[in-house]
Amino acid sequence: TQTTRPQRMLAAVQKSATRGDPRSVVKAIDQFCRQKEWAMNVGDEKGCILDSVVTEVNPATVLELGTYCAYSTVRIASLLPPDAKLITLEFNPHNAAIARQVIAWAGLGDKIQLVEGPSGDWIPKMKEKFGIETFDLVFLDHWKDRYLPDTKLMEECGLLRKGSVLLADNVICPGTPDYLEYIRNSPRYKSQYFRSHLEYTKVEDGLEKSVFLG
Ligand SMILES: O=C(NCCc1nnc(-c2ccc3[nH]cnc3c2)[nH]1)c1cc(-c2ccc(F)cc2)cc(O)c1O
Ligand SMILES: [Mg+2]
């Protein structure tokens with residue numbers, strides 16, 4: 001029977017990456033997406049910007065919205081300090097099953113908690129379910145029409161503190177116009193746009209980094 005693209009991506013990781021070596025997992029996925037099939041990972045160009053923000057923030061708590069096949073999950077977790085925790089939310093059970101295996105291959109199972117289900121349901125439960133006070137860094141990479149409602153929800157649930165950093169993928173392509181409008185005009189955020197390209201293409205895209213001012 002026909003395999004899915006995430007299954008083929010996992011096979012590429014298991015074939016080409018070294019167990020327990022997160023950077024080799026990232027490299028194997030990028031190679032697969034450049035040489036074989038495009039996939040919606042943040043990719044290496046925007047990934048380098050992501051790396052610089054993660055190392056600058058040096059977060060103890062990270063929330064990722066939109067796991068997909070765990071490319072950015074592994075990329076972020078490989079840069080976290082020893083006791084840091086990353087919670088990642090995936091909506092699609094098939095993608096979640098693949099992501100768990102990619103995370104296991106990278107050897108990052110003890111840093112990463114993958115949660116399946118809609119962000120709207122899980123964000124209000126973060127404190128009670130995972131003992132999270134606030135998030136130091138949030139990477140938004142899920143459905144583009146959820147960025148704004150989920151940001152407002154995180155504010156309402158008190159999950160952001162003065163200095164929390166939101167980093168949003170795809171603000172140009174596919175685009176998140178309502179989120180950009182809100183975050184760039186809100187007095188509660190200081191925003192900065194990092195111009196780049198849609199993963200594995202020459203199409204313009206970028207990351208928006210926003211610091212919550214409290
Ligand atoms: O849709 C994307 N990413 C979303 C995956 C996801 N994985 N999990 C979720 C989730 C998780 C909890 C949720 N709770 C409620 N909705 C949820 C959705 N969403 C996406 C699409 C593109 C893209 C660009 C150009 C094209 F021509 C076609 C596609 C590029 C990208 O970098 C993306 O990130
Ligand atoms: Mg993306």
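The structure this text deals with has already been given above.
Residues numbered from 1 in each chain as written. Chains lettered and ligands numbered in written order. Predicted model: local features only at pLDDT ≥ 70, side-chain atom pairs only at ≥ 80, totals over all residues. Heavy atoms only, no water.

## Some thoughts on the site of ligand 1
Then, in step 1: Glu 90, Ser 119, Asp 141, Asn 170 and Glu 199 are the nearest of the 20 residues found near ligand 1.
Then, in step 2: Ser 119 has a polar backbone atom sitting 2.7 Å from a nitrogen atom of ligand 1.
Then, in step 3: A distance of 3.0 Å separates an oxygen atom of ligand 1 from a polar atom in the side chain of Lys 144.
Then, in step 4: Expressed as a share of its isolated accessible area of 690 Å², the protein-covered part of ligand 1 is 81%.
Then, in step 5: Of all the secondary structure elements, the ones that give two or more residues to the shell around ligand 1 are β2 (85-90) and α9 (171-175).
Then, in step 6: For the shell around ligand 1, a count of residues per class yields nine nonpolar, five polar and six charged. (Near = heavy atom within 4 Å. Polar contact = N/O pair within 3.5 Å; in protein donor to acceptor, adjacent residues only side chain to side chain. Areas by Shrake-Rupley, 256 points an atom, 1.4 Å probe, with all protein chains shown as cover. Helix = DSSP H or I, 4+ residues; strand = E, 2+ residues; numbered from the N terminus. Nonpolar A, V, L, I, M, F, W, Y, C, P; charged D, E, K, R; others polar.)

## Details of the nonpolar core
Then, in step 1: Membership of the largest hydrophobic core comes to 44 residues, with the highest contact counts inside it found for Met 9, Val 25, Ile 29, Val 74, Ile 76 and Val 102.
Then, in step 2: Secondary-structure elements contributing two or more residues to this core are α1 (5-16), α2 (22-35), α3 (43-57), α4 (71-77), α5 (93-106), β3 (112-116), β4 (135-140) and β5 (160-168).
Then, in step 3: The element contributing the most residues to this core is α5, with seven residues.
Then, in step 4: Other than its neighbours up to four places away in sequence, Ile 29 contacts Met 9, Val 13, Asn 41, Tyr 71, Val 102 and Tyr 200.
Then, in step 5: With 26 residues, the next largest nonpolar core counts Leu 140, Leu 148, Leu 166 and Leu 180 among its residues. (Core = buried A, V, L, I, M, F, W, Y, C linked by side-chain atoms within 4.5 Å. Buried < 20%, exposed > 50% of the residue type's maximum accessible area, 1.4 Å probe, protein only. Contact = heavy atoms within 4.5 Å.)

## Looking at the coordination of the magnesium ion (ligand 2)
Then, in step 1: Only Asp 141 (OD), Asp 169 (OD) and Asn 170 (OD1) from the protein reach the magnesium ion (ligand 2) as donors, at distances of 2.0 to 2.2 Å.
Then, in step 2: Each donor residue of the magnesium ion (ligand 2) lies on one chain, and together they are spaced D-x27-D-N. Separated by 28 residues along the polypeptide, Asp 141 in the loop between β4 and α8 (147-156) and Asp 169 in the loop between β5 and α9 bring together distant segments of the chain.
Then, in step 3: Since its relative accessible area comes to 13%, Asp 141 is described here as buried. (Donors = N, O, S within 2.8 Å, 3.2 Å for Na, K, Ca; no water.)

## Notes on the sheet that holds β2
By way of backbone hydrogen bonds, the strands of a sheet pair with one another, either parallel or antiparallel.
Then, in step 1: If you trace the seven strands from one edge of the open sheet to the other, you get β3-β2-β1-β4-β5-β7-β6, paired in mixed fashion. Edge positions in the sheet fall to β3 and β6 (189-197), since each of these pairs with one other strand and no more. In this sheet, neighbouring strand axes are inclined to one another by 15 degrees on average, regardless of whether the strands run parallel or antiparallel.
Then, in step 2: Of the pairings in the sheet, the one linking β2 to β3 comprises five bridges and is parallel in character. Paired with Leu 86 across the strands is Ile 112, a residue of β3.
Then, in step 3: α3 contacts β4, β5, β6 and β7 (204-212) of the sheet and is inclined by roughly 150 degrees relative to β6.
Then, in step 4: Against the sheet, α8 engages β1 (61-65), β4, β5, β6 and β7, with an angle of about 165 degrees to β5. (Pairing = 2+ DSSP bridges. Axes fitted to C-alpha atoms, helices over the stretch in contact; angles between N-to-C directions.)

## Quick look at the pairing of β6
Then, in step 1: Across nine bridges, β6 lies against β7 in antiparallel orientation. Across the sheet, the residue bridging to Tyr 189 is Phe 212, located in β7.
Then, in step 2: The hairpin turn running from β6 into β7, its antiparallel successor, is six residues long, and Tyr 200 in that turn takes a positive phi close to 60 degrees.

## Quick notes on the pairing of β2
Then, in step 1: Buried residues dominate β2, accounting for five of its six residues.
Then, in step 2: Sheet topology places β1 next to β2; five bridges connect them, and they run parallel. The residue of β2 that forms the bridge with Thr 61 is Lys 85.
Then, in step 3: In this view, the connection linking β1 to its parallel neighbour β2 by way of α4 has right-handed handedness.
Then, in step 4: Between the parallel pair β2 and β3, the chain is carried across by α5, and the sense of this crossover is right-handed. (Right-handed = clockwise from strand over helix to strand, strands pointing away.)

## Overview of the packing of aromatic side chains
Then, in step 1: Across all of its chains, the model carries five aromatic pairs by this definition.
Then, in step 2: Ring centres of Trp 122 and Phe 130 lie 5.9 Å apart, and the angle between their planes is 40 degrees; on these two criteria the pair is classed as tilted.
Then, in step 3: Taken together, a centroid distance of 5.2 Å and an interplanar angle of 55 degrees make the contact between Tyr 189 and Phe 212 tilted. Taken together, the residues span a long stretch of sequence, with Tyr 189 in strand β6 and Phe 212 in strand β7 at a distance of 23 residues.
Then, in step 4: Overall, the relative accessible area of 5% leaves Tyr 189 in the buried class.
Then, in step 5: Owing to a relative accessible area of 5%, Phe 212 belongs among the buried residues under this scheme.
Then, in step 6: Members of the aromatic cluster, connected to one another through ring pairs, are Tyr 182, Tyr 189 and Phe 212.
Then, in step 7: When the ring centre of Trp 122 is taken as origin, the NZ or CZ atom of Lys 125, which lies over that ring, is 5.3 Å away. (Phe/Tyr/Trp six-rings, centres within 6.5 Å; stacked < 30°, edge-to-face > 60°. Lys NZ or Arg CZ within 6 Å of the ring centre and 35° of its normal.)

Keep in mind that these numbers describe shape and distance, not what the molecule does.
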